[in-house]
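Structural features, examined
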Amino acid sequence: MITESAEPTPRSDHDSPWKEALEGYFPEFLALLFPRIHADIDWSRGYQFLDKEFQQIVRDAATGRRYADKLVGVHRRDGQPAWVLVHVEVQGEPETAFAERMFVYNHKIRDAHDVPVASLAVLADTDPCFRPEHYHDDLWGCSVDFRFPMVKLIDWDTPEGWPALEASDNPFALVVMAQIRAKSTKDAETRKAWKFRLIRLMYDRGYARTTILELFRVIDWMIRLPRTLEDAFLQELYTYEETKQMPYVISAERFGIEKGYRQGEADLLLWQIENKFGADSAAALRERIEAADNERLRCWSARILTADTPDAIFH
């Protein structure tokens, strides 16, 4: 149970940032993690995300939970169309049925649309032994042997791999670094230091303001901090941004997001109180609720589900 005095590190959200990063930087994603495939695509003809088609195809597949799947239509350099299934495994523990799921999705997409499909696995877990690259099944000599390219992100966390990421001018390298540090770093102070270091890299590379804000959203989503450390991080960012003569590019944006989110949480809680205990109770508690931080608002919003009185929300 979360208490008002507790200040846990917010749980990192890996699914949403990966989806956003793949949508915003798909060519860069392939160039960094699957360079041979990137080189075989005619990028001048564009590419198309086929999420609706993908959801329809796999809707009835009994293969468990999915993680940041993307289906993308591309053109090969020989002029032939192809579809790329990108399956990002972001759960903390390995999954026995992962390779089978890759096979099922590949087969269903190919069967539905009669096009070649390349299924690519990106494994973001921390188990060095979990490395599925093929699915095999056999019955009385009738066999299936499905193989797929796989990248294990922690393989970049080496004396050779990490400096290559830091030196890379590919924006997706920052996404990979953020994911690795989000998974491998438990100490909050160390997470804060890594978060600041990755943000500095964006400035050092001279990215445009739009790119900086897009990548910041992904990094901020992946590497979450307790409230006090988040405030200290943003203050350091203010100072650093001033030295780069780009004052408050990220910090003002982040504070704006925090303010809007906190106000939304407060409005929702007040609406719940009004519906459960009446308008007078909501009016009496408005000042206290609007002054609360995000953690307290989340805690109170959970308590209202079982509270018999308004006072029970806060105790």
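The model shown is predicted, which means the values in this text are computed figures rather than measured ones.

Describing the overall build of the protein
For the protein, the count of helices and strands is 13 helices and seven strands. Looking at the protein as a whole, 46% of its 315 residues qualify as buried. Taking the contacts inside the protein whose residues are at least 6 apart along the sequence as the reference set, 68% of them involve residues at least 24 apart. Entry remark: accessible area of the protein is about 16200 Å², with carbon and sulfur atoms responsible for 50%.

Topic: the pattern of salt bridges
Per the stated rule, a full pass over the model turns up 12 salt bridges. A salt bridge links lysine 70 to glutamate 23, with the nearest nitrogen and oxygen atoms 2.4 Å apart. Placement of the pair is lysine 70 in strand E2 (residues 70–75) and glutamate 23 in helix H1 (residues 15–24), with a sequence separation of 47 residues. We classify lysine 70 as buried; its relative accessible area is 3%. The exposure class assigned to glutamate 23 is partly exposed, which follows from its relative accessible area of 41%. Across the pair glutamate 236 and lysine 192 runs a salt bridge, and its minimum N-O distance is 2.4 Å. Taken together, the positions of glutamate 236 in helix H10 (residues 227–243) and lysine 192 in helix H8 (residues 188–204) put the pair 44 residues apart, joining distant regions of the chain. When its relative accessible area of 33% is taken as the criterion, glutamate 236 is described as partly exposed. The class for lysine 192 is buried, based on a relative accessible area of 11%. Salt bridges here are not isolated pairs; linked through shared partners, they connect Lys195, Asp220 and Glu230.

Overview of the environment of alanine 312
Tracing the backbone shows alanine 312 in the segment after helix H13 (294–303). The residues touching alanine 312, leaving out its near neighbours within four places in the chain, are Arg303 and Ala307.

Some points on unusual backbone geometry
For aspartate 114, which is not glycine, the phi torsion reads 55° and is therefore positive. Within the element layout of this structure, aspartate 114 appears in the loop between helix H5 (98–113) and strand E4 (117–123). Of note in this structure, tryptophan 140 is not a glycine but carries a positive phi near 55°. Mapped onto the elements of the fold, tryptophan 140 is located in the loop between strand E5 (134–139) and strand E6 (142–147). Given a relative accessible area of 82%, tryptophan 140 falls into the exposed group.

Here's the deal with H10
Look at H10: 25 Å from first C-alpha to last across 17 residues, which is about the 24 Å you get at 1.5 Å a residue. Considered for burial, the residues of H10 that qualify are Leu229, Glu230, Phe233, Leu234, Leu237, Tyr238, Tyr240 and Glu241.

Topic: helix H7 (residues 172–184)
Its 13 residues place the ends of H7 19 Å apart at the C-alpha level, agreeing with the 18 Å of an ideal helix rising 1.5 Å per residue. Counting buried positions along H7 yields 12 of 13 residues, so the element is predominantly enclosed. All of the buried residues in H7 are Phe172, Ala173, Leu174, Val175, Val176, Met177, Ala178, Gln179, Ile180, Arg181, Ala182 and Lys183.

Examining the packing of H7 against H8
Put simply, H7 and H8 touch, their axes get as near as 10 Å, and they point 175° apart. The angle between the axes of H7 and H8 places the two elements in the roughly antiparallel class. Of the residues in H8, those in contact with Leu174, Met177, Ala178, Arg181 and Ala182 of H7 are Arg191, Trp194, Leu198, Leu201 and Met202. Tallied by class, the residues present in the contact of H7 with H8 amount to eight nonpolar, no polar and two charged.

Details of the packing of aromatic side chains
The final tally for this structure, using the stated rule, is 20 aromatic pairs. A ring pair is formed by tryptophan 18 and phenylalanine 172, whose centres lie 5.7 Å apart and whose planes are at 55°; its orientation type is tilted. Note that tryptophan 18 is positioned in helix H1 and phenylalanine 172 in helix H7, a separation of 154 residues in sequence. Taken individually, tryptophan 18 and phenylalanine 172 each receive the classification buried, so the pair is uniform in this respect. Look at phenylalanine 26 and tryptophan 43: their rings are 6.2 Å apart centre to centre, the planes differ by 65°, and that puts the pair in the edge-to-face class. Highlighted residues: phenylalanine 26 in helix H2 (residues 26–33) and tryptophan 43 in the loop between helix H3 (35–39) and strand E1 (48–49), separated in sequence by 17 residues. The aromatic ring of phenylalanine 49 is capped on one face by lysine 70, whose charged end is 5.4 Å from the ring centroid. Here the basic side chain of arginine 181 rests over the ring of tryptophan 194, its NZ or CZ set 4.3 Å away from the ring centre.

Concerning the confidence of the model for the protein
Per-residue pLDDT for the protein averages 82, and the proportion of residues at 70 or more is 83%. Here helix H11 (residues 251–277) stands out as the least confident element of the protein, with mean pLDDT 69; H2 is the most confident, with 95. Contacts of residues 1–14 to residues separated by more than four positions or lying in other chains number 34 contacts, the stretch itself having pLDDT below 50.

A short note on the environment of isoleucine 109
Turning to its location among the elements, isoleucine 109 is positioned in helix H5. On a C-alpha basis, the gap between isoleucine 109 and leucine 71 in space is 9.3 Å, while along the polypeptide they are 38 residues apart. Apart from the residues within four sequence positions on either side, isoleucine 109 is in contact with Phe54, Ile57, Leu71, Trp83, Leu85, Asp114 and Val117.

Calculation rules
Residues numbered from 1 in each chain as written. Predicted model: local features only at pLDDT ≥ 70, side-chain atom pairs only at ≥ 80, totals over all residues. Heavy atoms only, no water. Helix = DSSP H or I, 4+ residues; strand = E, 2+ residues; numbered from the N terminus. Buried < 20%, exposed > 50% of the residue type's maximum accessible area, 1.4 Å probe, protein only. Contact = heavy atoms within 4.5 Å. Areas by Shrake-Rupley, 256 points an atom, 1.4 Å probe, with all protein chains shown as cover. Salt bridge = Lys/Arg side-chain N within 4 Å of Asp/Glu carboxyl O. Expected span 1.5 Å × (residues − 1). Axes fitted to C-alpha atoms, helices over the stretch in contact; angles between N-to-C directions. Parallel < 35°, antiparallel > 145°, perpendicular 65-115°, else oblique. Nonpolar A, V, L, I, M, F, W, Y, C, P; charged D, E, K, R; others polar. Phe/Tyr/Trp six-rings, centres within 6.5 Å; stacked < 30°, edge-to-face > 60°. Lys NZ or Arg CZ within 6 Å of the ring centre and 35° of its normal. pLDDT = per-residue confidence, 0-100.

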